Structure formats: C-alpha cells, structure tokens
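Residue strings, one per chain:
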Amino acid sequence: MFYAFELEQFLGDLLPMRDELFLEMEDQALKETIPVVTPPVGNFLSWLVKVSGASQILEVGTAIGYSTLWLAKGLEGREGKIVTLDMNMDRATRAMEYFRRGGVAEKIQVVMGDARKILKDFPKGEFNFIFVDAAKGEYLDYLELVTPLLGNGGIMVVDNVLFRGWVVPGSEYAPKYERMVSHLREFLKLLTQNPELQTSILPLGDGLAVSVRKSP
Ligand SMILES: C[S@@+](CC[C@H](N)C(=O)[O-])C[C@H]1O[C@@H](n2cnc3c(N)ncnc32)[C@H](O)[C@@H]1O
C-alpha cells in the first residue's frame, strides 16, 4: 500500500557506487533471499553513526554482515567497536569472513546465539548506538532487553517497523500476517510512548524507528 519499491530503487540509484564487497554481498543476499537492509538504509545507518560519533555499537541480527559493514563504514578513521549477534551460525560465520575481507574484523565482535537469552547478560548503558534487525515477531522482547543497554543520548534504530505499510490501519494483507502486524503495532505504541525515549519513524526501506535516549 505505502511501500514504494520504485522510490527505494530511485534513492539507491542516487547513492555513490558501492565497492565490490558491498555489491557481492547484495548479490549473495538476493540469490539466497536473505533480507538485508536496502542501500539507502545502509547509507543512513553509516551516516547516523558518523554524525552521532557513536563508538559502542550493538547490532541484533547480523545475517551475512551487510548492515554491519555499513555500520563499520560510519566508524571509518576513528576508534569504535561493534558487537553483532545472530543465532544462525552459518550466516554469522560467513559474516566474519566478509569482515576480514573488508579489513574491519578487529572492530567487530560476532556473538552467536539467541538474542533473547544473550542480551540479558549485557551490561546496562553500555552502548551508544543499537541497531535492531532480527525477527519481527520478537520485537517486543528485544525492546525490553535492549532499551536498558542504551546509554543517555544513545541512538536506537529498529528496521522493518512499517512492514510494507501494513501497520497502518485499514491496510489490506493476507490473514497469515495478522499476528505480525498486531505485534508491530503494539511495539510501535510502546516505543513511541516510552518516556525515556524520543522516537521518529522514517519511511525509509521497510520503515525505520529512530529513538534517542533522553537524559534523565
Ligand atoms: C533481517 S536478517 C538481518 C539482516 C542484517 N541486519 C542486514 O541487513 O544485513 C535477520 C537475522 O536475525 C537473525 N535472528 C532472528 N531471530 C534471532 C534471535 N532471536 N537471536 C539472534 N538472531 C536472530 C536471523 O538468523 C537473521 O539472520
């Protein structure tokens, strides 16, 4: 309904040409239908890491490391660390090889396992940038787990929050998506009403929620 593939394509065409490694990963993701961020979303993530000066980054949902490489691009020329996690060992292992080829492996720690278990043990307030892009049906769990990990002034970006525009009341979609749509609507309500955060929803890619943790 509101998801404009052509618009995303147009915005992607406006970007400077990406290097070989990015293009290879895009090709790989397409061939294997691995849902990675679009180039405009990747570029936005990189830009946001850069302008915010974020240095302690957490990513939930590595897949083959495409969005991680965009995040790492935002750290170019300065110190910083990315912790990225995924429960799919095969994908995470391939991501590590891409990080090595991209020359950024020393900045990235890959953690394999279920985010819903692992994140419980992460230190509170540790990160100044968090990117969430794992299972949409688990977004309420992630929200509870990652919000305390975000330090004051820290930025959290969540992907796919508009789910092809279907979260908008009155949208038409197949009945099998009803649970996911309801889950995302509930997630958006809780996120935007959280008094500790200020959130903007951007219709880039499949919809990005961008939140900043207010100072107390
Ligand atoms: C949309 S893909 C991530 C794409 C990646 N951010 C990118 O744009 O390049 C989602 C990933 O989340 C992982 N995932 C799903 N549920 C998870 C969980 N509970 N814990 C850890 N990883 C999970 C999947 O294995 C999958 O690789």
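Residues numbered from 1 in each chain as written. Predicted model: local features only at pLDDT ≥ 70, side-chain atom pairs only at ≥ 80, totals over all residues. Heavy atoms only, no water.

Engineer: Is there a simple way to explain the UniProt feature "binding site: S-adenosyl-L-methionine" (unreviewed entry) in the protein in this structure?
Structural biologist: When the UniProt feature table is mapped onto this chain, "binding site: S-adenosyl-L-methionine" (unreviewed entry) is found at Val 37, Ser 67, Asp 86, Asp 114, Ala 115 and Asp 133. On the secondary structure map, Asp 114 appears in the loop between β3 (108–112) and α6 (115–118). Looking at where Ala 115 falls in the secondary structure, it is placed in helix α6. Aside from chain neighbours lying at most four places away, what touches Ala 115 is Val 60, Leu 85, Tyr 142 and Leu 145. (UniProt positions renumbered as here; feature names shortened; annotations may be inferred. Helix = DSSP H or I, 4+ residues; strand = E, 2+ residues; numbered from the N terminus. Contact = heavy atoms within 4.5 Å.)

Engineer: In this structure, what is going on with the UniProt feature "binding site: Mg(2+)" (unreviewed entry) in the protein? I would like to understand it.
Structural biologist: The sites that carry the UniProt feature "binding site: Mg(2+)" (unreviewed entry) are, in the present numbering, Asp 133, Asp 159 and Asn 160. Across 28 residues, the annotated set stays spatially compact, with a maximum C-alpha separation of 7.5 Å. One can find Asp 133 in the loop between β4 (127–132) and α7 (139–146). Classification of Asp 133 by relative accessible area gives buried; the value is 13%. Beyond its immediate stretch of four places on either side in the chain, Asp 133 contacts Val 37, Val 60, Gly 61, Tyr 139, Asp 159 and Asn 160. Residue position: Asn 160 is located in the loop between β5 (150–159) and α8 (178–193). Given the relative accessible area of 13%, Asn 160 is considered buried. Excluding residues that lie within four positions of it along the chain, Asn 160 makes contacts with Asp 133, Lys 136, Tyr 139, Leu 184, Asp 206 and Gly 207. (Buried < 20%, exposed > 50% of the residue type's maximum accessible area, 1.4 Å probe, protein only.)

Engineer: I'm lost on the sheet that holds strand β6 (residues 197–202) in this one. Help?
Structural biologist: The strands that make up a sheet are held in pairs by hydrogen bonds between backbone atoms, and each pair lies either parallel or antiparallel. Strand order across the open sheet formed by seven strands is β3-β2-β1-β4-β5-β7-β6, with mixed pairing between neighbours. Each edge of the open sheet is held by one strand with a lone partner, namely β3 and β6. Each adjacent strand pair in this sheet contributes to an overall mean axis angle of 15°, direction not counted. Inspection of the sheet shows strand β1 (residues 56–60) paired to β4 by four bridges, in the parallel sense. Across the sheet, residue Leu 58 finds its bridge partner in β4, namely Ile 130. In the packing of α7 onto the sheet, contacts are made with β1, β4 and β5, and the angle to β5 comes to roughly 165°. (Pairing = 2+ DSSP bridges. Axes fitted to C-alpha atoms, helices over the stretch in contact; angles between N-to-C directions.)

Engineer: How should I be thinking about the site of the ligand in this particular structure?
Structural biologist: Around the ligand, the structure places 22 residues, and the nearest of them are Val 37, Gly 61, Asp 86, Ala 115 and Asp 133. Take Tyr 142: an N or O atom from its side chain is 3.5 Å from a nitrogen atom of the ligand. Relative to its unbound accessible surface of 600 Å², the ligand loses 92% to contact with the protein. Breaking the shell around the ligand down by element, the ones donating at least two residues are α4 (66–74) and α6. Here the residues of the shell around the ligand sort into 10 nonpolar, five polar and seven charged. (Near = heavy atom within 4 Å. Polar contact = N/O pair within 3.5 Å; in protein donor to acceptor, adjacent residues only side chain to side chain. Areas by Shrake-Rupley, 256 points an atom, 1.4 Å probe, with all protein chains shown as cover. Nonpolar A, V, L, I, M, F, W, Y, C, P; charged D, E, K, R; others polar.)

Engineer: Sorry, what's going on with helix α3 (residues 39–52) here?
Structural biologist: Owing to its 3.6 residues per turn, the α-helix brings residues three or four apart onto one side. The end-to-end C-alpha distance of α3, which contains 14 residues, comes to 20 Å, matching closely the 20 Å that a straight helix rising 1.5 Å per residue would cover. Restricting attention to buried positions, one finds in α3 the residues Pro 39, Pro 40, Val 41, Gly 42, Phe 44, Leu 45, Ser 46, Leu 48 and Val 49. Looking one or two places after α3, you find Gly 53, whose phi comes out positive at around 70°. (Expected span 1.5 Å × (residues − 1).)

Engineer: Could you clarify how one ought to interpret the packing of helix α2 (residues 20–31) against helix α5 (residues 89–101) in this entry?
Structural biologist: Two elements in contact, α2 and α5, have axes whose closest approach is 11 Å; the angle formed by their N-to-C orientations is 160°. Viewed along their axes, α2 and α5 adopt a mutual orientation that is roughly antiparallel. Between α2 and α5 the crossing geometry is right-handed. Contacts from Leu 21, Glu 24, Met 25 and Gln 28 of α2 reach α5 at Arg 94, Tyr 98 and Arg 101. Its residues assigned to classes, the contact of α2 with α5 comprises three nonpolar, one polar and three charged. (Parallel < 35°, antiparallel > 145°, perpendicular 65-115°, else oblique. Left-handed = near helix turned anticlockwise from the far one by under 90°.)

Engineer: Mind showing me how you'd approach the packing of aromatic side chains here?
Structural biologist: Describing an aromatic ring pair means giving the distance of the ring centres and the angle of the ring planes. Under the counting rule described, the total for this entry stands at 11 aromatic pairs. When the centroid spacing of 4.9 Å and the interplanar angle of 40° are considered together, the rings of Trp 166 and Tyr 177 count as tilted. Of this pair, Trp 166 sits in the loop between β5 and α8 while Tyr 177 sits in the loop between β5 and α8, placing them 11 residues apart in sequence. Owing to a relative accessible area of 12%, Trp 166 belongs among the buried residues under this scheme. Residue class for Tyr 177 comes out partly exposed when judged on its relative accessible area of 21%. A network of ring pairs unites the aromatic residues Phe 163, Trp 166, Tyr 173 and Tyr 177 as a single cluster. (Phe/Tyr/Trp six-rings, centres within 6.5 Å; stacked < 30°, edge-to-face > 60°.)

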